[in-house]
Amino acid sequence: MNRLLVALVALSTAVALSAAANVQQWELEIPRVTAAELASNATLRTGHHAYILTGVASEWPAMKRWTLDYMHEKIPTEWVDYYPENMYSMEKKPYVQRYEEALQHFTQPSDTSRYMQLRLSLEGWEALKSDITAFPEAFWTEEHWIDSCMRKPDGERDAAAIDNFFRVNQWNFLLIGEKGTGIFFHRDHLAAASWQAHIKGRKTWVLCPFTQNKYFETAGNIFALDADYEKSPQFADALCGKVTAQESEILYYPAYWWHMTEILDTPSIGMTGLMVGIEDERPDIEWPRVHEQFYHDLVHKCEQCYPRKTRSRVAGSFKRKRICDDISTQWPGAAPPISFDVCNKYITRCYKAWDTKKERDAKLAASAGETQPAEPQSSYYDEL
Ligand SMILES: O=C(O)CCC(=O)C(=O)O
């Protein structure tokens, strides 16, 4: 009798273990660090890992100021991709509206969870950025390079080019949503790292490194927060992490990482920005210098609009004819095509600024009194 009981317990434990092994284990750790801990953590400073930064955004004026009405005051005419029923299906296309109009819809009672996503223009970003007062040194944002590399011959910054760069690349992205809203599982197609500050409300994130690509097939195919393991059993084997960012926390994740979100509170206001030139070399991408990959991602966009063969002489200087569509003429507010000036003049110049991480790291190490260059610890990138 006793033996039978032992055998049954062993069997049920084995069944439970094998069932557990066939679902995602969320083994990727996403640590919480303060700015001081980040500064002294050589592993995180490689830019190769996701983490949550605490105690930084809590000091920003945005924390007190940002409400739906404040946005109406500051950015009434910014364009919104308005999703009346969240963004879990790639088939559901947004309505493009100015914020002042989208807000009216958003504040009406509804049975569905809505999402407003704003690809901020330069003007929109500048209306909000004084509410974002400080970043840690490891966050080397466009503030440090864009005005000096996108500069006209007379020395003035090229605001039209910067605005185009922002809109085309969805550089500063404001996300306002309701509980239950989120975005399908995907990765972005630009080799830039992301930060998102959770100004209002909590948001749950699934994050999986680009190294895990082989498990995911196409964007939107797996509902990673609650996967269907009969349809996608391989998702159980991917190394992924799940974390809930609290109000005032900033999430960082490296370029090309897969992600999916779910908003836990209404309203949620999140501010995302991209960063280039802040990751050490990565063997998991075609161009291991991540900013070089970013450069090639942009060149790819440029080639789709201004292929080399279409060079022609316009008004005394060489221009290339644009062959890609400009959907923003038909759909005002949609992302415009990348501009010829960004392609032709600026990305090569900006590349030089992005390519300075080693010098920046050396300066940081010297100011922290480190005599030896910090040795990055091994990571899953080394296993490739
Ligand atoms: O905040 C979200 O819900 C998703 C953001 C996102 O997918 C992105 O910035 O690429």
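Further up the page is the structure itself.
Bear in mind that the values here come from a model prediction, so they are computed numbers and not experimental data. (Residues numbered from 1 in each chain as written. Predicted model: local features only at pLDDT ≥ 70, side-chain atom pairs only at ≥ 80, totals over all residues.)

Chemist: Before we go on, may I ask you to explain the overall build of the protein in this structure?
Modeler: Within the protein, the secondary structure is distributed over 13 helices and 15 strands. Expressed as a percentage of its 384 residues, the buried residues of the protein come to 39%. (Helix = DSSP H or I, 4+ residues; strand = E, 2+ residues; numbered from the N terminus. Buried ≥ 20, exposed ≤ 12 C-beta atoms within 10 Å, placed from the backbone.)

Chemist: What is the right way to read the site of the ligand from this model?
Modeler: Neighbouring the ligand are Phe173, Leu175, Gly182, Ile183, Asp188, Ser194, Gln196, His259, Thr261, Gly270 and Thr272. Counting residues per element, the ones that place at least two in the shell around the ligand are strand E6 (172–177), strand E8 (193–200), strand E12 (258–263) and strand E13 (268–275). Partitioning the shell around the ligand into residue classes produces three nonpolar, seven polar and one charged. (Near = placed C-beta within 6 Å. Nonpolar A, V, L, I, M, F, W, Y, C, P; charged D, E, K, R; others polar.)

Chemist: Explain helix H12 (residues 340–354) to me, please; I cannot follow it from the model alone.
Modeler: Three- or four-residue spacings in an α-helix give side chains the same orientation, since the helix completes a turn every 3.6 residues. Taking 1.5 Å of rise per residue, the 15 residues of H12 would be expected to cover 21 Å, and the 20 Å separating its terminal C-alpha atoms lies within 8% of that figure. At Tyr346, H12 shows its largest kink, close to 50 degrees. What H12 keeps buried is the set Val342, Cys343, Tyr346, Ile347, Cys350 and Trp354. Residues of H12 that are buried sit in contact with helix H8 (146–149), helix H9 (159–169) and helix H10 (290–305). (Expected span 1.5 Å × (residues − 1). Bend = angle between axes of the 7 residues up to and from the residue. Contact = placed C-beta atoms within 7 Å.)

Chemist: Help me understand the sheet that holds strand E9 (residues 203–208), please; the structure alone is not making it clear to me.
Modeler: Each strand in a sheet pairs with its neighbour through backbone hydrogen bonds, running either in the same direction (parallel) or in the opposite one (antiparallel). A sheet is described by the order of its strands in space; here four strands give the open sequence E7-E12-E9-E10, paired in antiparallel fashion. The sheet is open, and its two edges are formed by strand E7 (186–187) and strand E10 (241–245), each paired on a single side. (Pairing = 2+ DSSP bridges.)

Chemist: Any chance you could explain H10 here in plain terms?
Modeler: Along its 16 residues, H10 runs 23 Å from first to last C-alpha, staying within 8% of the 22 Å computed at 1.5 Å per residue. Residues Val290, His291, Gln293, Phe294, Tyr295, Asp297, Leu298, Lys301, Cys302 and Cys305 constitute the buried set of H10. Among the structural elements, H12 are those in contact with the buried residues of H10.

Chemist: Looking at this model, I keep getting lost on the sheet that holds strand E1 (residues 32–33). Mind explaining?
Modeler: The strand order E1-E2-E11-E8-E13-E6-E5-E3-E4 describes an open sheet built from nine strands, whose pairing is mixed. Looking at strand neighbours, the two that pair on one side only are E1 and strand E4 (95–98), the edges of this open sheet. One ladder, built from seven bridges, connects E8 with E13; its direction is antiparallel. Looking at E13, one finds that Ser194 is bridged to Leu274. Its contacts with the sheet put helix H6 (residues 99–106) on strand E3 (79–83), E4 and strand E5 (115–119), and the angle it makes with E4 is roughly 115 degrees. (Axes fitted to C-alpha atoms, helices over the stretch in contact; angles between N-to-C directions.)

Chemist: Just checking my understanding: could you explain the nonpolar core for this structure?
Modeler: In summary, soluble globular proteins display a tendency toward joint burial of nonpolar side chains. Within the largest apolar cluster, 98 residues are counted, with the highest numbers of intra-cluster contacts made by Ala192, Tyr252 and Met275. In this view, Met275 contacts Phe139, Trp140, Thr141, Ala192, Ala193 and Trp195; residues no more than four positions away in its chain are not counted. (Core = buried A, V, L, I, M, F, W, Y, C linked by C-beta atoms within 7 Å.)

Chemist: Even after reading the chapter, I still don't get the pairing of E5, so can you show me in this structure?
Modeler: Consecutive residues of a regular strand have side chains that alternate between opposite faces of the sheet. Burial analysis of E5 places five of its five residues in the buried class, which makes it a mostly covered element. Here E5 shows two buried faces, one formed by Tyr115, Gln117 and Arg119 and the other by Met116 and Leu118.

Chemist: Would you explain the packing of H9 against H12 in this entry?
Modeler: A pair of packed helices is captured by two measures, namely the crossing angle of their axes and the spacing between those axes. In contact at an axis separation of 10 Å, H9 and H12 are set at 105 degrees when each is read in the N-to-C sense. If you check the angle between H9 and H12, you find them roughly perpendicular. Contact residues: H9 offers Ala161, Asn164 and Phe165, while H12 offers Asp341, Val342 and Tyr346. Of the residues contributing to the contact of H9 with H12, the split by class is four nonpolar, one polar and one charged. (Parallel < 35°, antiparallel > 145°, perpendicular 65-115°, else oblique.)

Chemist: Just to check I follow, could you spell out the environment of Gly55 for this structure?
Modeler: Relative to the assigned elements, Gly55 resides in the loop between strand E2 (51–53) and helix H4 (62–65). Residue Gly55 is classed as partly exposed on the basis of its C-beta count, with 16 C-beta atoms lying within 10 Å. Between the C-alpha atoms of Gly55 and Ala36, which are 19 residues apart in sequence, the distance is 9.9 Å. Here Gly55 is in contact with Thr34 and Ala35, once residues within four sequence places are set aside.

Chemist: When you look at the environment of Ala224 in this model, what are you seeing that I'm missing?
Modeler: Here Ala224 shows up in the loop between E9 and E10. The exposure class assigned to Ala224 is buried, which follows from the 24 C-beta atoms found within 10 Å. Considering only alpha carbons, one finds Ala224 and Ala236, twelve residues apart in sequence, at a separation of 9.9 Å. Once residues lying within four places of it in the same chain are set aside, the contact partners of Ala224 are Phe185, Val206, Phe235 and Met260.

Treat this as a map of the structure, not an account of what it does.
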